[in-house]
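If you want the building blocks of each chain, they are given just below.
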Amino acid sequence: MGNSLKAVAAFVPSNKCQKYLLEDLEEMPVDKMVDLSGRQLRRLPLHICSFRELVKLYLSDNNLNYLPPELEQLQNLQILALDFNNFKALPLAVCTLKQLCILYLGNNKLCSLPLELRLLQNLKTLWIESNCLQYLPEVVCELSLLKTLHAGSNALRTLPPQLQCLQELRTIWLSGNLLSEFPPVLLDMPFLEVIDVDRNSIRFFPSLAHLPGLKLVIYDHNPCRNAPKVAKGVRRVGRWSEETPEPRKRSGAVIEITLDEKPLLPPAAKMEPE
């Protein structure tokens, strides 16, 4: 019954209904965090925008497709979670929050990102997985402190060469896209530590042995006929990864060696800024 009442209250803009959805959240919590995930919200209660010292705001798993301009009052916000909503465009008010370190935008309906995203120069973690992106927006390449980029489960076919400008980038998740070749730009990014290209359409892997920072490469579920060569100590997840970097040929036949191991996935828990 409680969820049904909240679903009805979400449609009613009255202060009484909004207070019910907020469960009497009238003052900013001592820990400077507000978690309104899963409240079936259709709009952000303006009262939240008065918590000017707020550091973390979780709005995951709602029905939001709009955020008010008043959001820009939250200039101390470092973590903002907007994943699992109905955003077709990133609200520009988000791009005014210049202290943001972590931004979750996964599982929405985004086809692009605004140029104003470049204003978030403190951003270290960006999750844009499970959207409608057919290309990686070049504005992402202007986020100079970015360390983690999760762009899996989109429709990416390539990556922009400007990505190599992100010299702080350490982890890139690209699983579940439409890559038909290993992105050439990643070969010029020696500082990468984790590369995930699981579940794409890559048929051939170039050598990655020259990438000194690499620690893990996930390339499983690709129609490849070779494994990427890596330096000693680098872990690989995919076919032939433990036995030999190439399929073994015998009497003209190819014997495939598979791992009885599940590929590593991006961490499910939301991360804190370092």
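Look above for the structure.
The residue numbering used here restarts from 1 in each chain and proceeds along that chain's sequence as written. Residues qualify for local features only when their pLDDT is at least 70, as the model is predicted, and side-chain atom pairs are given and counted only at 80 or more; totals for whole chains, interfaces and linings, by contrast, use all residues. The side-chain numbers reported here are obtained from all heavy atoms of the structure, hydrogens and water having been left aside.

## Observations regarding unusual backbone geometry
What counts, and what does not: Elements are defined by DSSP. Helices are runs of H or I of four residues or more, strands are runs of E of two residues or more, and each kind is numbered from the N terminus. Burial here depends on accessible area, computed with a 1.4 Å probe over protein chains only, as a share of the maximum for the residue type. Under 20% is buried, over 50% is exposed, and the range in between is partly exposed.
For Phe 84, which is not glycine, the phi torsion reads 60 degrees and is therefore positive. Assignment of secondary structure puts Phe 84 in the loop between strand S3 (79-81) and strand S4 (102-104). A relative accessible area of 43% means that Phe 84 is categorised as partly exposed. Phi is positive for His 221, close to 60 degrees, though the residue is something other than glycine.

## Side note on the environment of Gly 176
Condition: Between two residues, a contact is recorded if the distance between any of their heavy atoms is within 4.5 Å.
Relative to the helices and strands, Gly 176 is located in the loop between strand S7 (171-173) and strand S8 (194-196). Once the C-alpha coordinates of Gly 176 and Glu 129 are considered, the two residues, 47 residues apart in sequence, prove to be 9.4 Å apart. In this structure, Gly 176 is in contact with Ser 153, Asn 154, Asp 198, Arg 199 and Asn 200, ignoring residues within four places of it in sequence.

## Structural notes on the side chain of Asn 108
We count it as follows: The term polar contact refers here to a pair of N or O atoms within 3.5 Å; inside protein, the definition further demands a hydrogen-donor-capable atom paired with an acceptor-capable atom, and it admits residues adjacent in sequence only when both atoms are side-chain atoms.
The residue Asn 108 is located in the loop between S4 and strand S5 (125-127) in this model. According to the relative accessible area criterion, Asn 108 is buried, its value standing at 8%. Here Leu 82 takes part through its backbone oxygen, which lies 3.0 Å from a polar atom of the side chain of Asn 108. Looking at Asn 108, its side chain comes within polar contact range of the main-chain oxygen of Gly 106, at 3.2 Å. When residues no more than four places from it in sequence are discounted, the contact partners of Asn 108 are Leu 82, Asp 83, Phe 84, Asn 85, Asn 86, Phe 87, Ser 130 and Asn 131.

## A closer look at the nonpolar core
The condition is simple: We call a set of buried Ala, Val, Leu, Ile, Met, Phe, Trp, Tyr and Cys residues a nonpolar core when their side-chain atoms join them within 4.5 Å. Domain start and stop positions are those given by an automatic or database domain assignment.
Formed by 71 residues in total, the largest nonpolar core has its most connected members in Leu 163 and Leu 186. If you count residues domain by domain, this core takes at least three from each of domain 1 (24-104) and domain 2 (133-243). In this view, Leu 186 contacts Leu 159, Leu 163, Ile 172, Leu 174, Leu 192, Ile 195 and Leu 211; residues no more than four positions away in its chain are not counted. Counting residues in hydrophobic clusters, the runner-up holds seven residues, among them Ile 79, Ala 81, Cys 101 and Tyr 104.

## Concerning the packing of aromatic side chains
Counted only if it meets this: Note on aromatic pairs: the rings of Phe, Tyr and Trp (six-membered ring only in Trp) are paired at centre separations within 6.5 Å, and the planes decide the class, stacked below 30 degrees, edge-to-face beyond 60, tilted for the rest.
Counted according to the given criterion, the structure contains three aromatic pairs. Ring centres of Phe 205 and Tyr 219 lie 5.4 Å apart, and the angle between their planes is 65 degrees; on these two criteria the pair is classed as edge-to-face. Of this pair, Phe 205 sits in the loop between S8 and strand S9 (216-218) while Tyr 219 is found in the loop between S9 and strand S10 (235-237), placing the two residues 14 residues apart along the sequence. With respect to burial, Phe 205 and Tyr 219 carry one shared label: buried. Among the aromatic residues, ring-to-ring pairing joins Phe 182, Phe 205 and Tyr 219 into one connected group.

## Details of the environment of Glu 129
Along the chain, Glu 129 falls in the loop between S5 and strand S6 (148-150). Considered as a pair, Glu 129 and Leu 174 are 45 residues apart in the sequence and their alpha carbons are 8.5 Å apart. Excluding anything up to four places from it in sequence, Glu 129 contacts Gly 106, Asn 107, His 150, Ala 151, Gly 152 and Asn 154.

## Notes on the sheet that holds S3
Let me state the cut-off plainly: A pair of strands is labelled paired if DSSP reports no fewer than 2 bridges between them. Every axis corresponds to a line fitted to the C-alpha atoms, with the helix fit spanning only the stretch in contact, and the corresponding angles, defined between N-to-C directions, vary from 0 to 180 degrees.
Taking strand neighbours across the sheet as the criterion, the 10 strands line up as S1-S2-S3-S4-S5-S6-S7-S8-S9-S10 in an open arrangement whose pairing is parallel. If you trace the sheet from one side to the other, it starts and ends with strand S1 (33-35) and S10, each paired once. Adjacent strand axes in the sheet meet at a mean angle of 5 degrees, parallel and antiparallel pairs treated alike. Note: S1 against strand S2 (residues 56-58), three bridges, orientation parallel. Counted as the bridge partner of Val 34 is Leu 57 from S2.

## So, the side chain of Asn 62
Residue position: Asn 62 is located in the loop between S2 and S3. Engagement of the side chain of Asn 62 in a polar contact is seen with the backbone oxygen of Ser 60, the distance being 3.2 Å. Asn 62 has contacts with Leu 36, Ser 37, Gly 38, Arg 39, Gln 40, Leu 41, Phe 84 and Asn 85, leaving out every residue within four places of it along the chain.

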